[in-house]
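One letter stands for each residue in the lines below.
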Amino acid sequence: MAGPEQSQQQQQQQEPQPTDELRGQFRQFPGGFLLKLNAMMTFEEEKMQTACDDLRTTEKLCESDSAGVIETIRNKIKKSMDSQRSGVVVVDRLQRQIIVADCQVYLAVLSFVKQELSAYIKGGWILRKAWKMYNKCHSDISHLQETCQRRSSVHQESLTVDNANHNAPVVNGVTAEALDRLKGSVSFGYGLFHLCISMVPPHLLKIINLLGFPGDRLQGLSSLMYASESKDMKAPLATLALLWYHTVVLPFFALDGSDTHAGLMEAKAILQRKSVVYPNSSLFMFFKGRVHRLECHINSALACFHDALELASDQREIQHVCLYEIGWCSMIEMNFEDAYRSFERLKNESRWSQCYYAYLTGVSQGASGDLEGASRVFKDVQKLFKRKNNQIEQFAVKRAERLRKISPTRELCILGVIEVLYLWKALPNCSSSKLQIMNQVLQSVDEASCRGLKHLLLGAIHKCHGNMRDAVQSFQLAARDEYGRHINSYVQPYAVYELGCILLAKPETVGKGRSLLLQAKEDFTGYDFENRLHVRIHSALASLKEVVPQ
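Residues numbered from 1 in each chain as written. Predicted model: local features only at pLDDT ≥ 70, side-chain atom pairs only at ≥ 80, totals over all residues. Heavy atoms only, no water.

Engineer: Which residues make up the overall build of the chain, and what are the values?
Structural biologist: The helix and strand inventory of the chain stands at 26 helices and two strands. For the chain, the residues scored as buried account for 55% of the 550 residues in total. Across the chain, the fraction of contacts at a sequence separation of at least 24, relative to all contacts at a separation of at least 6, is 69%. In the form shown here, the chain has an accessible surface area of approximately 24,600 Å², with 51% of it arising from carbon and sulfur atoms. (Helix = DSSP H or I, 4+ residues; strand = E, 2+ residues; numbered from the N terminus. Buried < 20%, exposed > 50% of the residue type's maximum accessible area, 1.4 Å probe, protein only. Contact = heavy atoms within 4.5 Å. Areas by Shrake-Rupley, 256 points an atom, 1.4 Å probe, with all protein chains shown as cover.)

Structure (structure tokens):
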């Protein structure tokens, strides 16, 4: 009977060890991912380019010939190679292919972040290459796992219980433990891949499908959960990806309809499980704040974001996302001075969209009563306008220019704050008392060019209060507004969409609601945040098909 030390030695001999070349690739890969995560958090062009360059370098290091893993095994067996060496070859080949596919997914994500048509198409082609490699790796690993399980069954029958505990089943030099780790590794990129597809604007989905791969959001979440609980080095990254999806992507794009609380239970469960493992993590504290914000516990959210800000004292990028959330929570609480201070710091420190931060600084400063300071900031917005094709910066420039021309009032600046809260789906996070104050401010606005926007925002506030009758009346007024159409181009399609969503909630008006959603999608074009609305319309129609099959 083998003793513990001997068994441990046997296990180490059976477990394939990575080659020196693969160790170098492992060292290169986390750096590429962290650069990509850094770029995703800051959206800074320079960091996004650096991340892309690093990922391409990693991809080249890992590229190998096109021979399949199973074919490689057969060839090596024919050459009578020993078990351990064969295992190293198999693990190296699989790991290289997974890293290449991961790099391609990250490059695609960085392309999608630019929110440009050419970037979406480029990202689609990159994803096609990744999809082929994921499919192949998943198939190869599954085949090896099935073989391993069959041998394990035979192994258990032929050995005593004591001996079975000290001898792991091996397939061509690869242990079951190594296969489980590889499955966790491929599941991370595979899951992230599917979530990327779920974020592609609906009008490009047909192109994506023509490229040869589907997008299954539930499969993506399941794969990320598997990776999160695995022993692979990317398990913590899979956990962060799940939290990011449930607390940022899902509520923003309304992927499960209009319910901004969807996914919160999953996020809370993840945070509870991982709090012991990462007790002092600024990122986990940040996501805890996101959960509190979505639950409308704004004071608790602010406390978490301030704690995360302190924990990230030497991490500028995490500090900036915390400051961003502090600014938004302050706007939700109508604490405009704190919002102004957060956004002003971002305007001065962040290299991502200083134009956008300048606009948020200006409306917050004006809403606090400092109209002279706000006017100066609005003049700076145009100077900071750098990304001509970015819809957020285009929106900020147009809004700042309009406020500068008509001489901003405190009420118009508060209207500007309420507008961004609506567009970024933060109004449902506001308390009833704050919504009532917003209602009163909007009622006092009599600027003719803002009439349609005023009614759209009033309708959204009535909807948050559950007052659907008044909400419908306000949305109808907004949808009929022609005077302000050229100034606030998005108001009409968004108002029609909101009406459609309300009518979908009643069985007797589902047909009319669906017609309005299609009208919002097909009858309007060239307005601000068009892609954003199309994603929400697509989600609402998809949810309708699940309830009432078409």
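Now that the structure has been shown, we can carry on.
Engineer: How would you sum up the pattern of salt bridges? Please name residues and give values.
Structural biologist: For the coordinates displayed, the defined rule picks out 17 salt bridges. With its nearest N and O atoms 2.9 Å apart, the salt bridge here joins Arg345 to Glu349. In this pair, Arg345 and Glu349 both sit in helix α16 (residues 336-349), four residues apart, roughly one turn of the helix. Classification of Arg345 as partly exposed rests on a relative accessible area of 29%. Here Lys383 and Asp380 are joined by a salt bridge, their closest N and O atoms 4.0 Å apart. Remark: Asp380 and Lys383 occur in helix α18 (residues 371-383); sequence separation between them is three residues, near one turn of the helix. (Salt bridge = Lys/Arg side-chain N within 4 Å of Asp/Glu carboxyl O.)

Engineer: Describe the side chain of Asn439, listing the residues and the values that go with them.
Structural biologist: Of note, Asn439 is situated in helix α21 (residues 432-444). Judged by relative accessible area, which is 10%, Asn439 ranks as buried. Residues within four places of Asn439 in sequence aside, it is in contact with Leu458, Ile461 and His462.

Engineer: Go over the environment of Leu311, please, and point to the residues and values.
Structural biologist: Residue position: Leu311 is located in helix α14 (residues 298-311). The partly exposed category is assigned to Leu311, whose relative accessible area is 36%. Residues Leu311 and Met285, 26 residues apart in the sequence, show an inter-C-alpha distance of 8.8 Å. Residues in contact with Leu311, not counting those within four places in the same chain, are Asn280, Ser281, Ser282 and Met285.

Engineer: Summarise the environment of Leu384; cite the residues concerned and give the values.
Structural biologist: Take Leu384: it is sitting in the loop between α18 and α19 (391-405). For the pair Leu384 and Lys347, spaced 37 residues apart in sequence, the C-alpha separation works out to 9.7 Å. In this view, Leu384 contacts Lys347, Gln354, Cys355, Ala358 and Glu393; residues no more than four positions away in its chain are not counted.

Engineer: Outline the packing of helix α22 (residues 451-465) against helix α23 (residues 468-479), listing residues and values.
Structural biologist: The packing of two helices is summarised by the inter-axis angle and the distance between the axes. Axis separation between α22 and α23 bottoms out at 8 Å; the angle between their running directions is 160°. It follows that α22 is roughly antiparallel to α23 by the angle criterion. The interaxial crossing formed by α22 with α23 has left-handed handedness. Residue-level contacts link Gly452, His455, Leu456, Leu458, Gly459, Ala460, His462 and Lys463 of α22 to Met468, Asp470, Ala471, Ser474, Phe475, Leu477 and Ala478 of α23. Across the contact of α22 with α23, the residue classes break down as eight nonpolar, five polar and two charged. (Axes fitted to C-alpha atoms, helices over the stretch in contact; angles between N-to-C directions. Parallel < 35°, antiparallel > 145°, perpendicular 65-115°, else oblique. Left-handed = near helix turned anticlockwise from the far one by under 90°. Nonpolar A, V, L, I, M, F, W, Y, C, P; charged D, E, K, R; others polar.)

Engineer: Could you give me a rundown of the environment of Gln149, with the residues and numbers involved?
Structural biologist: Along the polypeptide, Gln149 turns up in helix α6 (residues 117-158). In sequence terms Gln149 and Ala176 are 27 residues apart; their C-alpha atoms lie 8.2 Å from each other.

Engineer: Outline the nonpolar core, supporting the account with residue identities and numerical values.
Structural biologist: Counting 150 residues, the largest nonpolar core has Val105, Trp328, Tyr359, Leu421, Trp424 and Leu427 as the members making the most contacts within it. Among the elements that make up this core, the one with the highest residue count is helix α8 (residues 176-198) (11 residues). Contact partners of Tyr359, with chain neighbours within four places excluded, come to Phe378, Val381, Phe395, Ala396, Arg399, Ala400, Leu403, Gly416, Glu419 and Val420. (Core = buried A, V, L, I, M, F, W, Y, C linked by side-chain atoms within 4.5 Å.)

Engineer: Tell me about α22, residues and numbers included.
Structural biologist: Relative to the 21 Å expected for 15 residues at 1.5 Å per residue, α22 spans 21 Å between its end C-alpha atoms, a close match to the ideal helical length. In terms of burial, α22 is largely enclosed, as 11 of its 15 residues are buried. As for α22, its buried residues are in contact with α19, α20 (410-423), α21, α23 and α24 (491-504). (Expected span 1.5 Å × (residues − 1).)

Engineer: Explain α20 to me, and be specific about the residues and the numbers.
Structural biologist: Between its terminal C-alpha atoms α20 stretches 20 Å, which fits the 20 Å expected from 14 residues at 1.5 Å a residue. The buried fraction of α20 amounts to 12 of the 14 residues, a majority that puts the element mostly inside the structure. Looking one or two residues beyond α20, the residue adopting positive phi is Lys425, at roughly 55°.

Engineer: Can you tell me about the side chain of Arg290, naming the residues and giving the values?
Structural biologist: Residue placement: Arg290 occurs in helix α13 (residues 282-294). The residues contacting Arg290, other than those within four sequence positions of it, are Thr247, Val248, Pro251, Phe305 and Glu325.

Engineer: Provide a residue-level description of the state of the cysteines, including the pertinent values.
Structural biologist: Linking two cysteines covalently via their sulfur atoms produces the bond known as a disulfide. Here the structure, examined in full by the defined rule, presents zero disulfides. With no disulfide partner, Cys296 has as its closest neighbouring cysteine sulfur the one in Cys430, 8.0 Å distant. In this structure Cys296 comes out as partly exposed when scored by relative accessible area, which is 32%. Cysteine Cys464 remains unbridged, with the sulfur of Cys430 as its closest cysteine sulfur at 7.2 Å. (Disulfide = S-S within 2.5 Å.)

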